[in-house]
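# Remarks on the overall topology
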Amino acid sequence: MQSFFEKISILCFAASYGVAFALELWHLFRPRPILRILALVFGGAGLFAHVVFLIVQCLIAEKRLPLGSPTGSLLFLALILAVFYFSEAIHHARIAWALFVLPLVLGLIGLAVVLPAPSEAETWRSFWSVAHGILLLLAAVGVSIGFIASVMYLVQMRRLRHKLPPNQGVPLLSLERLEQMNRRAILLAFPLLTAGLLAGVVLEIYNGIEDWLSLRILSVVCLWLVFAILLYLRYFVHVRGRQLALWTMFAFAILVVALVSPHSFMQGGGP
Amino acid sequence: MNLLLVGASHKTMPIELREKLAFDGPKLPAALNELTARYGCEAAIVSTCNRAEIYIARAGATVAPDAELIAEFLAQFHAVPLEPIRAALYSKGNEDAVRHLFRVAGSLDSLIVGEGQIAGQVKKAYESAQAAGSAGAILHSLFQQALNVAKRVRTQTGISKGHVSVSSVAVDYVREVHAQFDDKTVLVIGAGKMGALTLKHLRSLNPQRILVTNRSPEKAQDVARGCDGVAIPWEQLDDALVEADIVLSTTGAPEPIMTRRRFDGILARRSRGTMVILDIAVPRDFDPRIHDGDRACLFNVDDLKRIQEQTLKERREHIRPAEAIIEQEVKRFQNEWRRRKHGPIIAQLTQYGEEQRRAVAADLFAKLNGKLSDEDRKYIEGALKLLLNRILHGPISALAEETPEPSKHTLLEAMMKLFRLER
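Here the structure is a predicted model, which means the values were calculated and not measured.

Our focus in this paragraph is the pairing of strand β8 (residues 246-249) of chain B. All names here are of chain B. Every second residue of β8 is oriented toward a common face, with Ile246 and Leu248 on one face and Val247 and Ser249 on the other, all of them buried. Pairing of β8 with strand β9 (residues 275-279) involves four bridges; the strand directions are parallel. The residue of β9 that forms the bridge with Val247 is Ile277. Note on the crossover from β8 through helix α12 (residues 260-269) to β9: the handedness is right-handed.

Turning next to the interface of chain A and chain B. Reports often express the size of an interface as the amount of accessible area lost when the parts come together. Taken together, the contact pairs 19 residues of chain A with 22 residues of chain B. Among the elements of the structure, α6 (127-161), α7 (175-207) and α9 (241-260) of chain A are those that each provide at least two residues to the side of chain A that touches chain B. If you tally residues by element for the side of chain A that touches chain B, the top one is α6(A), at five residues. When its residues are assigned to classes, the side of chain A that touches chain B shows five nonpolar, six polar and eight charged.

Residues and elements named next belong to chain B. Burial analysis of strand β1 (residues 3-9) places seven of its seven residues in the buried class, which makes it a mostly covered element. Of the two faces of β1, the one carrying Leu3, Leu5, Gly7 and Ser9 and the one carrying Leu4, Val6 and Ala8 are both buried. Where β1 and strand β3 (residues 51-57) come together, seven bridges link them in antiparallel fashion. By the bridge assignment, Leu5 is partnered in β3 with Tyr55. Pairing analysis gives four bridges linking β1 to strand β4 (residues 90-93), with the strands arranged antiparallel. Its bridge partner lying in β4, Leu5 is registered against Lys92.

Residues and elements named next belong to chain B. Within the open sheet, the four strands sit side by side as β2-β3-β1-β4. Their pairing is antiparallel. Either end of the sheet is taken by a strand with one partner, and the two such strands are β2 (42-47) and β4. Pairwise comparison of adjacent strand axes, ignoring direction, gives a mean angle of 15 degrees for this sheet. Its contacts with the sheet place helix α3 (residues 67-78) against β1, β3 and β4, and it is angled at close to 45 degrees to β1.

Turning our attention to the environment of A:Val257. Within the secondary structure, A:Val257 is located in helix α9. Between the C-alpha atom of A:Val257 and that of A:Leu223, which follows or precedes it by 34 residues, the distance is 9.7 Å.

Before going further, it helps to examine the packing of helix α8 (residues 166-177) of chain B against helix α13 (residues 301-317) of chain B. Residue and element names in this part refer to chain B. Their axes nearest at 9 Å, the elements α8 and α13 cross at an angle of 105 degrees. One finds that α8 runs roughly perpendicular with respect to α13. In this structure, α8 contributes Val166, Val169 and Ala170 to the contact, and α13 contributes Leu304, Lys305, Ile307 and Gln308. Across the contact of α8 with α13, the residue classes break down as five nonpolar, one polar and one charged.

This part covers the environment of B:Val149. All names here are of chain B. With respect to the secondary-structure elements, Val149 resides in helix α7 (residues 137-156). Distance from Val149 to Ser397, taken between C-alpha atoms, is 25 Å for residues 248 residues apart in sequence. Aside from chain neighbours lying at most four places away, what touches Val149 is Phe102, Ala105, Gly106, Ile325, Ile326 and Glu329.

Moving on, we come to the confidence of the model for chain A. Residues and elements named next belong to chain A. Here chain A shows a mean pLDDT of 83. Residues at 70 or above account for 87%. When mean pLDDT is taken per element in chain A, helix α2 (residues 10-29) scores highest with 92 and helix α1 (residues 2-6) scores lowest with 70. Low confidence marks residues 264-271, where pLDDT is under 50. Its contacts with residues over four positions away, or in another chain, come to 28 contacts.

So, about the confidence of the model for chain B. Averaged over every residue, the pLDDT of chain B is 87; the share at 70 or more is 93%. Scoring the predicted complex yields pTM 0.71 and, for the interface, ipTM 0.82.

Right, let's get into the nonpolar core. Buried together is how nonpolar side chains tend to be arranged in soluble globular proteins. Core analysis: the largest hydrophobic core is formed by 117 residues, its most contacted members being A:Ala78, A:Ala98, A:Val101, A:Val105, A:Ala251 and B:Val247. Residues in contact with A:Val101, not counting those within four places in the same chain, are A:Leu81, A:Phe84, A:Tyr85 and A:Ile148. B:Ala8, B:Ala125, B:Ala322 and B:Phe333 belong to the second-largest nonpolar core, a separate cluster that totals 55 residues.

Here the focus is the sheet that holds β8(B). All names here are of chain B. Judged by pairing direction, the sheet is parallel, and its six strands sit side by side in the order β7-β6-β5-β8-β9-β10 without closing on themselves. The open sheet has two edge strands with one neighbour each: β7 (230-232) and β10 (296-300). Averaged over all pairs of adjacent strands, the angle between strand axes in this sheet comes to 20 degrees, irrespective of strand direction. Sheet analysis places strand β6 (residues 209-213) next to β7, joined by three bridges and oriented parallel. Paired with Leu211 across the bridge in β7 is Val230.

Basis of the calculations
Sequence order as written defines the numbering, with residues in each chain counted from 1. Each chain takes a letter, starting from A, and each ligand takes a number, starting from 1, following the order in which they are written. Only residues with pLDDT of 70 or above have their local features reported here, since the model is predicted, and side-chain atom pairs are shown and tallied only from 80 upward, although totals for entire chains, interfaces and linings are computed over all residues. Between the buried cut of 20 or more and the exposed cut of 12 or fewer other C-beta atoms within 10 Å of a residue's own C-beta lies the partly exposed class, and all C-beta atoms are placed from the backbone. Each helix corresponds to a stretch of at least 4 residues labelled H or I by DSSP, and each strand to a stretch of at least 2 residues labelled E; elements are numbered beginning at the N terminus. When DSSP locates at least two bridges between a pair of strands, those strands are taken to pair. The definition of a right-handed crossover adopted here requires that, viewed with the strands pointing away, the path from the first strand over the helix to the second runs clockwise. Here, residue contact means that the backbone-derived C-beta atoms of the two residues sit within 7 Å. Basically, the charged four are Asp, Glu, Lys and Arg, the nonpolar ten are Ala, Val, Leu, Ile, Met, Phe, Trp, Tyr, Cys and Pro, and anything else, Gly included, counts as polar. An axis is simply a line fitted to the C-alpha atoms; with a helix, the fit covers only the stretch in contact. Between two such axes, the angle follows the N-to-C directions and lies from 0 to 180 degrees. Oblique is the label for any angle not under 35 degrees, not over 145, and not in the 65 to 115 range, which are roughly parallel, roughly antiparallel and roughly perpendicular in turn. Along the chain, pLDDT gives the predictor's confidence residue by residue, from 0 to 100. Joining buried Ala, Val, Leu, Ile, Met, Phe, Trp, Tyr and Cys residues through C-beta atoms within 7 Å gives a set, and that set is a nonpolar core.

This is the structure we're talking about:
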């Protein structure tokens, strides 16, 4: 059984997500309940393969894939977003979640494949490195969900701007719900990002500051600043809607840079 | 199957006459009882504002119910002269009656194609017939299948998609913007009668409060009283717009009351989400340039009517697939009915064949006693069964696929004679 699980590759779950996405796309043009069910089945199969792959790679395989490496972070983030897709597709079945979440999941998996694999068995060696990694990953989930909500908001807004018939085309949540989803994602992500950033600072100080101007550190700091501006605009200047969506998308772009940047703290120890 | 439909609809009879033929309240069970007592048949009545149709069936009889008699019944029951209604009545028998009911239930015969109420009305007609004890074998099958047809047409085609009244379309747009209404403010500007239905729809969303403003404070009070709202002075219109989430504007003003410049000033003061403006006044009350789909979504009468027409056009495109479903279901109903009707004959035929097979097998095994192994016996038994099935397959299929009149009795009787079967 173990050898069977070890045969599961990135291609297995990426292909399952791809099929689920294609089925959802098909459903958009030729609505049939069976297509939705099949999309969910493939999405679920992809999720299962994804979980098994990460368990095998992180716990069992000889050359372990650490969460802290860019590849690991991207695959874990993709997994959490796939879980988000699966649960939302069950709870809000009318909405075309697959069309918005799965391309992002596939994109993150694609980036993980393109990035060079970790050269050596990198491991987290301290509480601070674990805290830093997990907090930043959770913040990344918040930013990604905010990004998805923003894209959906812009699509819904475009439909309204052109006065397209309601209840036709891609089924979406209302503008209010999408804005609410975006706001909650940001509110969740900001403290996590701040805490993750502080954990990183502690870690860097403990390890001896090597490179404060590394792309990774700069992008995470930049992300934090964008978030601070975003919250200021939202709660003090009352910026809403499209502008908020665009700021969130900008934050997501910075997050991607942060995720693909190499980590310096992985090799170090910790307090 | 001796099924007959006699009725009138919006296509054949003006509303003044249709009103007189309505089977409302206690009239419906009374008419069903009268029909079953008078003609000794099954009966069901579909009575809506757009149609009054009587379905009569006689399962075992060889003579079909007479349409003329049912027309006379209609006239007598409603105490209206027969002549004016006779020309507007239509009658359909058997397959055509089945097809008609399926089309009615699938809303293909409705005034607005794809409307959702008719399936419920057909269901109510069936339930009334059940309650009156006037639904028998034919009408049970017919109405149950009609309800399935309605469901199939609704779920497998896009014929029921979208809304087709201006006020429903307006509320659909509101729902595209807002999800929650218990914290929302609706502002009604003006007291135009055109807005009454839309306001009724908006009220059904249960908004937190409704503000009403009008140049005439008395009119504002009147409208506010009618919708549990609060009347505010016309001078406070801008302040009300700052607070409003949904605006319904129906003034009779000859010029737009809200220019873009004035509205920009209001937007600058707003901290709330997107404002939906339903401008159903003619001429328009709001400058169309204020619509951006983000901070303000403005829909005027033309927009709403365009969607209404588009929806109707799209629904019409689904008529052909819906008709195909109905044809399938009509065939299925007929086959099912024939199978049921011929069931006892087919059972007799199968039993007769089985008896013959057993007799032949018993004779054969008796003659070859001791010469056959168990395996040989099994093989011969199997071969005889196969032979019997192959022989009977033709006649049974012919019965199931039998075409209606005039050859029906000939085929059935020929088979009964050939195989010595009894009815």
